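So the chains spell out like this:
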Amino acid sequence: MTERMILAAGNQNKIDELEKKRKNKMTERIIFATGNQNKMKEIREILSDCGIEVLSMKEAGMEADVVEDGAAFEENARIKAEYIARLAPQDIVLADDSGLEIDYLNKEPGIYSARYLGEDTSYEIKNQALLYRMTGVEKERRTARFVCAIAAALPDGEVFTSRGTVEGYIGWKPSGANGFGYDPIFYVDEYGCSTAELTMEQKNAFSHRGNALRAVKEELKRRGYIN
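Bear in mind the structure is a predicted one, so any value in this text is a computation, not a measurement. (Residues numbered from 1 in each chain as written. Predicted model: local features only at pLDDT ≥ 70, side-chain atom pairs only at ≥ 80, totals over all residues. Heavy atoms only, no water.)

**Student:** Sorry if this is basic, but what is going on with the packing of aromatic side chains here?
**Tutor:** For any pair of aromatic rings, geometry is given as the distance between the ring centres together with the angle between the planes. For the structure shown, the criterion picks out five aromatic pairs. Taken together, a centroid distance of 5.0 Å and an interplanar angle of 90° make the contact between Y123 and Y182 edge-to-face. Residue Y123 is located in helix α4 (residues 123–133), and its partner Y182 is located in the loop between β6 (159–170) and β7 (186–188); the two are separated by 59 residues in the primary sequence. A residue is classified by how much of its surface remains accessible, and Y182, at 5% relative accessible area, is buried. Members of the aromatic cluster, connected to one another through ring pairs, are Y169, W172 and Y187. Geometry around Y123 places K126 over its ring, the cationic atom sitting 4.4 Å from the centre. The lysine or arginine in question, K139, covers the ring of Y169, its NZ or CZ lying 4.5 Å from the ring centre. (Phe/Tyr/Trp six-rings, centres within 6.5 Å; stacked < 30°, edge-to-face > 60°. Helix = DSSP H or I, 4+ residues; strand = E, 2+ residues; numbered from the N terminus. Buried < 20%, exposed > 50% of the residue type's maximum accessible area, 1.4 Å probe, protein only. Lys NZ or Arg CZ within 6 Å of the ring centre and 35° of its normal.)

**Student:** When you look at the pattern of salt bridges in this model, what are you seeing that I'm missing?
**Tutor:** In a structure, side chains of opposite charge can pair up when their charged atoms sit close to one another. Throughout the structure, instances matching the rule amount to 21 salt bridges. A salt bridge links K139 to D189, with the nearest nitrogen and oxygen atoms 2.9 Å apart. Pair noted here: K139 is in the loop between α4 and β5 (143–153) and D189 is in the loop between β7 and β8 (193–194), with a separation of 50 residues, a long-range link. What you see here is one network of salt bridges that share partners, running through E101, D103, K107, R145 and E167. (Salt bridge = Lys/Arg side-chain N within 4 Å of Asp/Glu carboxyl O.)

**Student:** Hey, could you run me through helix α6 (residues 208–222) in this one?
**Tutor:** Side chains that are three or four residues apart share a direction in an α-helix, a result of its 3.6 residues per turn. For α6, built from 15 residues, the straight-helix expectation of 21 Å at 1.5 Å per residue is met to within 8% by its first-to-last C-alpha distance of 22 Å. Every buried residue of α6 is listed here: H208, R209, G210, A212, L213, V216, K217, E219 and L220. Lining the buried residues of α6 we find β1 (29–32), α2 (37–46), β3 (92–102), β5, β6 and α5 (200–206). (Expected span 1.5 Å × (residues − 1). Contact = heavy atoms within 4.5 Å.)

**Student:** Looking at this structure, how should I read the packing of α2 against α6?
**Tutor:** When two helices pack together, you describe them by how their axes are tilted relative to each other and by the distance separating the axes. Running from N to C, α2 and α6 point in directions that differ by 40°, and their axes come no closer than 10 Å. Regarding the angle of α2 to α6, the classification is oblique. Where α2 crosses over α6, the two elements pack in a sense that is right-handed. Where α2 approaches α6, its residues K39, E42, I43 and I46 are matched on the opposing element by R209, G210, L213, R214 and K217. For the contact of α2 with α6, a count of residues per class yields three nonpolar, one polar and five charged. (Axes fitted to C-alpha atoms, helices over the stretch in contact; angles between N-to-C directions. Parallel < 35°, antiparallel > 145°, perpendicular 65-115°, else oblique. Left-handed = near helix turned anticlockwise from the far one by under 90°. Nonpolar A, V, L, I, M, F, W, Y, C, P; charged D, E, K, R; others polar.)

Purely spatial values, then, with no claim about function.
This is the structure:
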């Protein structure tokens, strides 16, 4: 073996050793920046095979009142993830911003979905208000989508985002009790019902949050943070 070949082999061994050390530093927790237990059910279902503990902020013993003043879903998710990551620098921190866009209403309520008509207003009232504004609108003009952007803040300081959407339309009345938020008025043609009438397994298979979270999951695998 020539001297050049020996040096090349030595360099590769060093690279392999560094990679091994990096993987041995895999974090033991993912903290999802939410206190919403309905979200956590969906999140845990999708991340159940990652071999890593998944906690809400409350379960991690953390409290934070983050001002989400971004102009897009991705901006708000990133603001939240970076803020919480400063409190838990050794963990993977995930944060999402999601909402409902109704084309007939110029994509309202959009990034203001959680605050539409006031943060303390029940979704029953919010849904009824949106249905009222859609009175007399034919199905072809009732198109809508759920949007979810997830930001992942990593222990090495990097942050990346992923977006997931699901297309549908606004129904004429609320239906179903399996979902939350705007689920009772959001219908999908594939199933012929609202997303609040779907099982957790059906919803996770195509939901906006599920699509975004699966993309995040694959990126975390690629970077060696999860199995």
